[in-house]
Amino acid sequence: MYINCLALSGDNKQFLSQQLLWIGISLGISLAISFLIPFPYSLPIIIAVFILLSFYVRKRTLRRMGMSGASMFGYNSLSYYCMNCGTKHNQASCPKCGSKMKRVGS
Ligand SMILES: [Zn+2]
């Protein structure tokens, strides 16, 4: 599978708007909780809801992108190879030749 930087930034944009949507949902949930439960007791519940939601969203997003096997924290298990010289790197541009074109390998 070959992807260039344009495709990558498109995915990130979609990912970001998805994240914003879920931040809105979790804010709504925490507001509802703080209405139902008095403040000092609602705080740990709100934190727990936030953590559970973020785990759920990450899992869902990764599965949707076909990377359920990828690390929960970023894409550390994926490697990028420069399309110009083949150097393996995880930076925006190749450290060897500076090319921004790269492909994903595992
Ligand atoms: Zn290179």
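Residues numbered from 1 in each chain as written. Predicted model: local features only at pLDDT ≥ 70, side-chain atom pairs only at ≥ 80, totals over all residues. Heavy atoms only, no water.

Participant: Any chance you could explain the sheet that holds strand 1 (residues 79-82) here in plain terms?
Facilitator: Sheet strands pair via backbone hydrogen bonds, and the direction of the pair is either parallel or antiparallel. Strand order across the open sheet formed by three strands is 2-1-3, with antiparallel pairing between neighbours. With one partner strand each, in any of the chains shown, strand 2 (88-89) and strand 3 (102-105) form the two edges of the open sheet. As judged from the two bridges shared by strand 1 and strand 2, these two strands associate in the antiparallel manner. Across the sheet, Tyr-80 pairs through a bridge with His-89, a residue of strand 2. (Pairing = 2+ DSSP bridges. Helix = DSSP H or I, 4+ residues; strand = E, 2+ residues; numbered from the N terminus.)

Participant: Would you mind going over the side chain of His-89 with me for this structure?
Facilitator: With respect to the element layout, His-89 can be found in strand 2. Judged by its relative accessible area of 5%, His-89 falls in the buried class. Within polar-contact distance, the side chain of His-89 engages the backbone nitrogen of Gln-91 at 3.3 Å. Excluding its chain neighbours within four sequence positions, the residues that come into contact with His-89 are Tyr-80, Cys-82, Cys-94, Pro-95 and Lys-102. (Buried < 20%, exposed > 50% of the residue type's maximum accessible area, 1.4 Å probe, protein only. Polar contact = N/O pair within 3.5 Å; in protein donor to acceptor, adjacent residues only side chain to side chain. Contact = heavy atoms within 4.5 Å.)

Participant: I keep staring at the packing of aromatic side chains and nothing clicks. Help me out?
Facilitator: For any pair of aromatic rings, geometry is given as the distance between the ring centres together with the angle between the planes. Scanning all chains against the criterion turns up zero aromatic pairs. Positioned over the ring face of Tyr-80 is Lys-102, at 4.6 Å from the centre of the ring. (Phe/Tyr/Trp six-rings, centres within 6.5 Å; stacked < 30°, edge-to-face > 60°. Lys NZ or Arg CZ within 6 Å of the ring centre and 35° of its normal.)

Participant: Quick question: what am I supposed to make of the confidence of the model for the chain here?
Facilitator: It should be kept in mind that the predicted coordinates are not to be read in detail where pLDDT is low. Per-residue confidence for the chain gives a mean pLDDT of 76; residues scoring 70 or more make up 75%. Averaged over each element, pLDDT in the chain is lowest for helix 1 (residues 5-36) (75) and highest for strand 2 (90). Taken together, the stretch residues 1-7 has pLDDT below 50 and engages in 11 contacts with residues farther than four places along the chain or on a different chain. This model gives residues 68-73 a pLDDT under 50, and the stretch forms 13 contacts once residues within four places in sequence are excluded. (pLDDT = per-residue confidence, 0-100.)

Participant: How do you make sense of a nonpolar patch on the surface when you look at a structure like this?
Facilitator: Together, Phe-39, Leu-43, Ile-47, Ile-51 and Phe-55 line one region of the surface with nonpolar side chains, adding up to about 490 Å² of accessible area. You can see Leu-43 is positioned in helix 2 (residues 39-64). Given the relative accessible area of 40%, Leu-43 is considered partly exposed. (Patch = residues over 30% accessible without salt bridge, like charges linked within 9 Å, V, L, I, M, F, W, Y side chains within 5 Å. Areas by Shrake-Rupley, 256 points an atom, 1.4 Å probe, with all protein chains shown as cover. Salt bridge = Lys/Arg side-chain N within 4 Å of Asp/Glu carboxyl O.)

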